[in-house]
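Given next are the chains, with one letter for each unit.
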Amino acid sequence: QKHVESLGVPIKEYVLVEKLEDLGSVKRLTLDDGTQIEAKAVILATGSKSKKLDVPGEDAFYGRGVTYCAICDGPLFQDRKVIVAGGGNSAIEAAVDLAKIAEHVTVIHRSQLRADQIVIDQLNKFDNVTVLLETQILEVQGERMVKGVRALDKKSNQEIFVEANGVFIEIGYTPNSEWLKGTVALNERGEVTVNNHGETSVAGIFAAGDLTQVPYKQVVVAVGEGAKAALSANDYINRLA
């Protein structure tokens, strides 16, 4: 932020972009305070948000045992008991990574696993992993830190308590792209589709980071993609001139 301010770039805080219009050589953004801004080029970088379980204790223990990124926070739980919530590839891959360092990993999923069989086979190689299917997490419990989850075993209709120091919620991400429908091309997951230069389906509109289909939702990847989008936007403006 200090770097941007040092270059004299204005920053508008506490506003949302409600609409983006392609007017050919000019793009118009309408903000929720009624302001309209016109520019030759626009870079979209609104990111994504982790899908949540929406259960009691999830928000209260975020950062105190609840996390949404195993590859980011996994090392903090070395030799400890952890839970992975989810049944897709991201969840099972997270469980594989955690099984290498954690004392024990419990995978909890409300239905059957949806991950590819090759990933499931990798998980089955570890003897410190328990998989609870047809089991729904009802609450994250603890005191100052997470102590475990209260869950419903739907097969027996009985509640159980699963002890853990960490809960990794790996049920996917939702890109912040609702406001872009009909403006630029989105894929089936709602991600903005870009090419290797960060260009969207509309000339003069670029995108970078977790909003796009580029794999690996990591800060270092997003920063690199942002640099590419900025350079591409600069080239685009120079060609207009």
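Coordinates for the structure precede this section.
Scope of this entry: the structure provided in the associated data block. Quick caveat, the model's predicted, so the values are computed rather than measured.

### Structural notes on the pairing of strand β3 (residues 36-39)
Inspection of the sheet shows strand β2 (residues 27-31) paired to β3 by four bridges, in the antiparallel sense. Residue pairing in the sheet places Leu29 in a bridge with Ile37 of β3.

### Some details on the packing of aromatic side chains
Here the structure, examined in full by the defined rule, presents three aromatic pairs. Consider the rings of Tyr62 and Tyr68, whose centres lie 5.8 Å apart with planes at 45°: the pair is tilted. We classify Tyr62 as exposed; its relative accessible area is 54%. Residue classification places Tyr68 among the buried positions, given a relative accessible area of 11%. Summarising the aromatic geometry, the rings of Phe77 and Phe168 are spaced 5.2 Å apart at their centres and angled 75° between planes, so their arrangement reads as edge-to-face. Here Phe168 lies in strand β13 (residues 166-169) and Phe77 lies in the loop between α2 (70-73) and β7 (81-85), a separation of 91 residues in the sequence.

### Details of the state of the cysteines
Counted by the stated rule, this structure contains one disulfide. Put simply, Cys69 and Cys72 are joined by a disulfide, and their sulfur atoms are 2.0 Å apart. On the S-S bond that ties Cys69 to Cys72, the torsion sits near 65°, and the link is right-handed. With a relative accessible area of 13%, Cys69 lands in the buried category.

### Some words on the pattern of salt bridges
For side chains bearing opposite charge, pairing can occur when the charged atoms are close. Considering all chains together, one arrives at 17 salt bridges under this definition. Of the charged contacts in the structure, one is a salt bridge between Glu159 and Arg150, with a shortest N-O distance of 3.0 Å. Its relative accessible area of 24% is what places Arg150 among the partly exposed residues. Between Lys217 and Glu191 there is a salt bridge; the shortest N-O distance is 3.3 Å. Here the residue Lys217 occupies a position in the loop between β15 (205-207) and α5 (219-240), and Glu191 occupies one in the loop between β14 (173-175) and β15, the gap between them amounting to 26 residues.

### A word on the side chain of Asp153
With respect to the helices and strands, the residue Asp153 is situated in strand β11 (residues 146-153). In terms of polar contacts, Asp153 uses its side chain to reach the backbone amide nitrogen of Lys155, at 3.0 Å. With sequence-adjacent residues up to four places away left out, Asp153 is seen in contact with Glu134, Thr135 and Gln158.

### Things to note about the nonpolar core
A general tendency of soluble globular proteins is for nonpolar side chains to be buried together. Counting residues in each nonpolar core, the largest one holds 20 residues, and the members touching the most others are Val82, Val84, Leu98, Val105, Val107, Leu123 and Phe168. Among the secondary structure elements, those contributing two or more residues to this core are β7, α3 (89-99), β8 (104-108) and α4 (117-123). Among the elements that make up this core, the one with the highest residue count is α3 (seven residues). Residues within four places of Leu123 in sequence aside, it is in contact with Ile92, Ala95, Val96, Val107, Val129 and Val131.

### Quick look at the pairing of strand β12 (residues 158-163)
Side-chain direction in a regular strand flips from residue to residue, so the side chains alternate between the two faces of the sheet. Where β11 meets β12, six bridges bridge the pair, whose relative direction is antiparallel. Counterpart to Arg150 in the pairing with β12 is Phe161. What sits between the antiparallel neighbours β11 and β12 is a turn of four residues, in which Asn157 has the positive phi angle 60°.

### Description of the environment of Ala94
With respect to the element layout, Ala94 can be found in helix α3. Not counting residues within four places of it along the chain, the set of residues in contact with Ala94 comprises Ala70 and Glu170.

### Description of the sheet that holds β11
Strand order across the open sheet formed by three strands is β10-β11-β12, with antiparallel pairing between neighbours. The open sheet has two free edges, formed respectively by β10 (135-142) and β12, since each of these has just one partner strand. Between one strand and the next, the sheet's axes are offset by a mean angle of 25°, whatever the strand orientation.

### Side note on α3
For α3, the complete set of buried residues consists of Ala91, Ile92, Ala94, Ala95, Val96, Leu98 and Ala99. Those residues of α3 hidden inside the fold are in contact with α2, β7, β8, α4, β9 (129-132) and β13.

### Notes on α5
The first and last C-alpha atoms of α5 sit 31 Å apart over 22 residues, in line with the 32 Å expected at 1.5 Å per residue. All buried positions along α5 are accounted for by Glu225, Ala229, Ser232, Ala233 and Tyr236. End-on view of α5: buried residues confined to an arc of 105°, all on one side of the axis. The exposed residues of α5 that point more than 90 degrees off its buried face are Val219, Val220, Val223 and Leu231. Its buried side turned inward, α5 meets β2, β4 (42-44) and β15.

The rules we used
Residues numbered from 1 in each chain as written. Predicted model: local features only at pLDDT ≥ 70, side-chain atom pairs only at ≥ 80, totals over all residues. Heavy atoms only, no water. Pairing = 2+ DSSP bridges. Helix = DSSP H or I, 4+ residues; strand = E, 2+ residues; numbered from the N terminus. Phe/Tyr/Trp six-rings, centres within 6.5 Å; stacked < 30°, edge-to-face > 60°. Buried < 20%, exposed > 50% of the residue type's maximum accessible area, 1.4 Å probe, protein only. Disulfide = S-S within 2.5 Å. Salt bridge = Lys/Arg side-chain N within 4 Å of Asp/Glu carboxyl O. Polar contact = N/O pair within 3.5 Å; in protein donor to acceptor, adjacent residues only side chain to side chain. Contact = heavy atoms within 4.5 Å. Core = buried A, V, L, I, M, F, W, Y, C linked by side-chain atoms within 4.5 Å. Axes fitted to C-alpha atoms, helices over the stretch in contact; angles between N-to-C directions. Expected span 1.5 Å × (residues − 1). Arc of directions from axis to C-beta.

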